[in-house]
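The lines below spell out each chain.
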Amino acid sequence: LLPDIADALDGHLTPDDFNPLTIGGTPVSELKLMGDSVATLVIGPSMIKAADRLKEKTGVPDYRFDSLIGLDAVDEVIHALSRIAELPVPAKIERQRAQLQDAMVDCHFMLGQTRVAIAGEPDELLAMTTFLHGMGAEVVAAVTSARGPAIEKLPIEEVKIGDLEDLEQMARAAGAELLLGNSHLAALAERLGLPLQRMGFPQYDLVGGYQRSWIGYRGSRQAMFDLANLILANNHHHEIKPYRSELTQKRDDEWEHAEHEYAKTVTGPRH
């Protein structure tokens with residue numbers, strides 16, 4: 001795996017108080033053997049130039065994927081692995097796919113038409129935007145800090161090369177209902193009164209956030225559950241308002257009271 005910084009970010013104590021270098025990961029001796037591989041899996045458009053160079057130097061065939069989250073994206077990876085290994089997909093993986101499909105049926109009620117604002121690096125933005133669109137959500141504001149080949153593939157009309165101030169303005173103007181990004185979005189979410197799904201780095205206000213898996217069928221399934229539960233917990237699910245007949249005998253103040261009481265039974269007391 002290149003680059004491989006998992007050992008440095010898996011939450012463990014080391015014998016040394018401080019080390020200026022990233023510890024663990026794939027050693028240089030193994031990197032030198034990449035040309036002997038059966039195949040190279042390339043994850044994310046930001047890796048395209050490196051993949052082109054590696055293929056040119058080694059001739060090793062490669063398989064390229066935009067992300068590893070969502071049904072279609074994971075299907076592509078699993079099919080590639082099956083072809084490389086010349087083996088059928090294991091029943092365990094087939095079951096995980098069926099579990100993801102069931103989660104999609106459950107969660108589309110909450111995620112469908114939800115207006116989402118996202119901040120992340122280009123590959124992350126592409127992965128999450130495609131994933132959300134697959135569930136019927138709308139990405140109404142997207143901000144990244146740098147240009148990259150993934151931006152050209154985003155299935156949205158506009159992406160801003162900017163900062164979190166830009167995201168706050170865009171999210172407010174577009175009527176966003178949910179935020180996705182790292183812990184730097186916490187204050188922004190509080191000002192907008194919106195739920196925040198933390199993703200990426202840093203995550204300094206979420207204990208254990210670094211160990212959460214987002215990829216594969218199981219990671220995609222858990223992401224759907226987390227997002228759907230955020231929407232439910234924050235009363236942003238689309239409510240059906242009580243029908244008010246034009247022939248009603250009730251006064252306006254009586255109707256306002258009735259609607260207020262109904263809202264409490266559906267979503268709980270409002271602030």
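Residues numbered from 1 in each chain as written. Predicted model: local features only at pLDDT ≥ 70, side-chain atom pairs only at ≥ 80, totals over all residues. Heavy atoms only, no water.

## Overview of the overall build of the protein
Within the protein one finds nine helices and seven strands. Viewed in the frame of its principal axes, the protein has a C-alpha envelope of about 80 × 45 × 40 Å. Scored against the burial criterion, the 271 residues of the protein give a buried share of 34%. Here the analysis covers contacts within the protein between residues at least 6 apart in sequence; of these, 51% occur between residues at least 24 apart. Per element, the accessible surface of the protein, about 17,000 Å² overall, is 54% carbon and sulfur. (Helix = DSSP H or I, 4+ residues; strand = E, 2+ residues; numbered from the N terminus. Buried < 20%, exposed > 50% of the residue type's maximum accessible area, 1.4 Å probe, protein only. Contact = heavy atoms within 4.5 Å. Areas by Shrake-Rupley, 256 points an atom, 1.4 Å probe, with all protein chains shown as cover.)

## Points about unusual backbone geometry
Cis peptide bonds are those with omega within 30 degrees of zero, and the linkage from Leu 2 to Pro 3 qualifies with -5°. Note on placement: Pro 3 falls in the segment before helix 1 (28-31). Note that the residue after Phe 201, namely Pro 202, is joined by a cis bond; omega there is 0°. With respect to the secondary-structure elements, Pro 202 resides in the loop between strand 7 (196-198) and helix 8 (216-233).

## Points about the environment of Ser 46
In this fold, Ser 46 is placed in the loop between strand 1 (40-43) and helix 2 (48-58). Here Ser 46 falls in the partly exposed class, since its relative accessible area comes to 42%. Through-space distance from the C-alpha of Ser 46 to that of Ala 150 is 6.9 Å; in sequence the pair is 104 residues apart. Filtering out sequence-adjacent residues up to four positions away, Ser 46 remains in contact with Asp 123 and Pro 149.

## Remarks on the packing of aromatic side chains
One pass over the structure, following the stated rule, counts zero aromatic pairs. Lying over the aromatic face of Trp 214, Arg 212 brings its terminal NZ or CZ to 4.1 Å of the ring centre. (Phe/Tyr/Trp six-rings, centres within 6.5 Å; stacked < 30°, edge-to-face > 60°. Lys NZ or Arg CZ within 6 Å of the ring centre and 35° of its normal.)

## A look at the pairing of strand 4 (residues 138-144)
Among the seven residues that make up strand 4, five are buried, leaving the element largely enclosed by the rest of the structure. With five bridges joining them, strand 3 (residues 115-119) and strand 4 adopt parallel strand pairing. From the neighbouring strand, Val 116 faces strand 4, where its bridge partner is Val 139. Note that the unit made of strand 3, helix 5 (residues 122-134) and strand 4 has a crossover that is right-handed. (Pairing = 2+ DSSP bridges. Right-handed = clockwise from strand over helix to strand, strands pointing away.)

## Some points on the layout of surface pockets
By volume, the largest pocket amounts to about 1,800 Å³. Residue lining of the largest pocket: 45 residues in total, with Leu 1, Pro 3, Ile 43, Leu 68 and Ile 215 positioned closest to the centre. Looking at the lining of the largest pocket, the elements that each hand over two or more residues are helix 1, strand 1, helix 2 and helix 5. Its residues assigned to classes, the lining of the largest pocket shows 26 nonpolar, eleven polar and eight charged. Estimated volume of the second largest pocket: approximately 310 Å³. Lining of the second largest pocket is provided by 17 residues; of these, Ile 69, Gly 70, Asp 72, Ala 73 and Thr 130 occupy positions nearest its centre. When contributions to the lining of the second largest pocket are tallied by element, the ones reaching two or more residues are helix 3 (71-85) and helix 5. At five residues, the largest contribution of residues to the lining of the second largest pocket is made by helix 5. Partitioning the lining of the second largest pocket into residue classes produces ten nonpolar, four polar and three charged. (1 Å grid on protein atoms, 1.4 Å probe; cavity = no way out; pocket = protein on both sides within 12 Å on 5 of 7 lines; lining within 4 Å. Points joined across faces, edges and corners; volume = space filled by probe spheres on them. Nonpolar A, V, L, I, M, F, W, Y, C, P; charged D, E, K, R; others polar.)

## Overview of the confidence of the model for the protein
Looking at the protein, the pLDDT average stands at 89 and 91% of residues meet or exceed 70. Between residues 267-271, whose pLDDT stays under 50, and residues either more than four places distant or in other chains, the model counts seven contacts. (pLDDT = per-residue confidence, 0-100.)

## Regarding the sheet that holds strand 6 (residues 178-181)
Pairing in this open sheet of five strands is parallel, and the strands run 5-4-3-6-7 from one edge to the other. Every interior strand has two partners, whereas the edge strands, strand 5 (160-161) and strand 7, have only one. Taken strand by strand, helix 6 (residues 164-174) contacts strand 3, strand 4, strand 5 and strand 6, and its axis lies near 165° from that of strand 4. (Axes fitted to C-alpha atoms, helices over the stretch in contact; angles between N-to-C directions.)

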